[in-house]
Amino acid sequence: MDSQEIIKELKANASEKYRENVIRMGIPAENSIGVATSVVRSFAKKVGKSQELAFELWDTKYHEARMLAVLLMDPKITTEVEADRLIRDVMSWDLCDHLCKNLFLKMKRRDTFITEWMQEPQLYKKRAAFVLIAASVIHDKKLENDRMDGYLELIMRYADDERDHVKKAASSALKEIGKKDFHYNEKALLLANEWVEKGNKVQRWIGKDALRELETMIKAEGRGRLITANTRMGKEIVRK
């Protein structure tokens, strides 16, 4: 299938309900088709990896076509210049996070993106930096403590952006660090409490938001990371 055939198929699977949801996230109506993520993922499995087709779909500017394009891209051959172009085109938090978790996370330059984008004023570049920290802490089983400490330092230095899509991602990054083990839970708790007591408005918000989970962490048998006692599994462990 070429890009135009895929767009035609996506439109055939469109729903006004999903289209309205996409528009509410800030995507212009003319760039919204209205297709469920499950449909997009099924197309990706059917089509397979293709860098050329992915960028053709990306260039249509349709939100759902771009979600599909990310799944068709190969992180081994996607360049830093291409990654920068992609994140600059982003207009919604879901596409930002989708790019981070399905493409940027798997690229060798991941940490470069984190350190460089963290300092950028562009909304979704900065969000992407925090999303990549959270995703790295969750998925990179070989992550060493010095890199964890580096991520924590970046959060300390740059988590002062009042924009919702950035501060929520910063809070998520801090929480994921605090879920790694009890050592990093203590480090994350110390920072969160310090911000609640002495931080600026944004830091206090992040600190309070993070504490709601970080203060309830427990260890579940068979799981590498900590979980919150407020989950169903957590409540069962506490009862025992």
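Residues numbered from 1 in each chain as written. Predicted model: local features only at pLDDT ≥ 70, side-chain atom pairs only at ≥ 80, totals over all residues. Heavy atoms only, no water.

Enquirer: Could you give me a rundown of the overall build of the protein, with the residues and numbers involved?
Expert: Secondary structure assignment for the protein yields 14 helices and 2 strands. The C-alpha radius of gyration computed for the protein amounts to 19 Å, which stays within 12% of the reference 18 Å derived for 240 residues, consistent with globular compactness. Expressed along its principal axes, the backbone C-alpha trace of the protein runs to roughly 55 × 40 × 35 Å. Here the protein holds 240 residues, and the buried ones make up 50% of them. If you take every contact in the protein between residues at least 6 apart in sequence, the share linking residues at least 24 apart comes to 64%. For the protein, the accessible surface area stands at approximately 12600 Å², while carbon and sulfur atoms represent 48% of it. Seen as two clouds, the 45 positive and the 39 negative side-chain charges of the protein have centres 4 Å apart. (Helix = DSSP H or I, 4+ residues; strand = E, 2+ residues; numbered from the N terminus. Rg over C-alpha atoms; globule rule 2.2 N^0.38 Å. Buried < 20%, exposed > 50% of the residue type's maximum accessible area, 1.4 Å probe, protein only. Contact = heavy atoms within 4.5 Å. Areas by Shrake-Rupley, 256 points an atom, 1.4 Å probe, with all protein chains shown as cover. Lys, Arg positive; Asp, Glu negative; His and termini not counted. Charge placed at Lys NZ, Arg CZ, Asp CG, Glu CD.)

Enquirer: Which residues make up the environment of Asp74, and what values go with them?
Expert: Note on placement: Asp74 falls in the loop between helix H5 (63-72) and helix H6 (80-89). Exposure remark for Asp74: the relative accessible area of 24% places this residue in the partly exposed category. Note: C-alpha distance between Asp74 and Glu52 (22 residues apart in sequence) is 10 Å. For Asp74, the side chain forms a polar contact with the main-chain nitrogen of Lys76, separated by 2.9 Å. (Polar contact = N/O pair within 3.5 Å; in protein donor to acceptor, adjacent residues only side chain to side chain.)

Enquirer: Tell me what's going on with a positive patch on the surface, and back it up with residues and numbers.
Expert: On the surface, Arg41, Lys45, Lys49 and Lys106 cluster together into a patch of positive charge. Tracing the backbone through its elements, the reader meets Lys49 in the loop between helix H3 (37-47) and helix H4 (51-58). What makes Lys49 exposed here is its relative accessible area of 54%. (Patch = residues over 30% accessible without salt bridge, like charges linked within 9 Å, V, L, I, M, F, W, Y side chains within 5 Å. Salt bridge = Lys/Arg side-chain N within 4 Å of Asp/Glu carboxyl O.)

Enquirer: Give a detailed account of the environment of His63, specifying residues and quantitative values.
Expert: With respect to the element layout, His63 can be found in helix H5. Relative accessible area serves as the criterion here: at 4%, His63 is assigned to the buried category. When the C-alpha positions of His63 and Val90 are compared, they lie 9.2 Å apart, and in sequence the two are 27 residues distant. Among all residues touching His63, those that are not within four sequence positions of it are Val22, Met25, Ile27, Asn31, Ser92, Asp94 and Leu95.

Enquirer: Residues and numbers for the side chain of Glu176, please.
Expert: Mapped onto the elements, Glu176 comes out in helix H11 (residues 164-178). On the accessibility criterion, Glu176 (12% relative accessible area) is buried. Here the side chain of Glu176 touches Arg225 through a polar contact of 2.5 Å, side chain to side chain. In this view, Glu176 contacts Ala134, Val137, Ile138 and Arg225; residues no more than four positions away in its chain are not counted.

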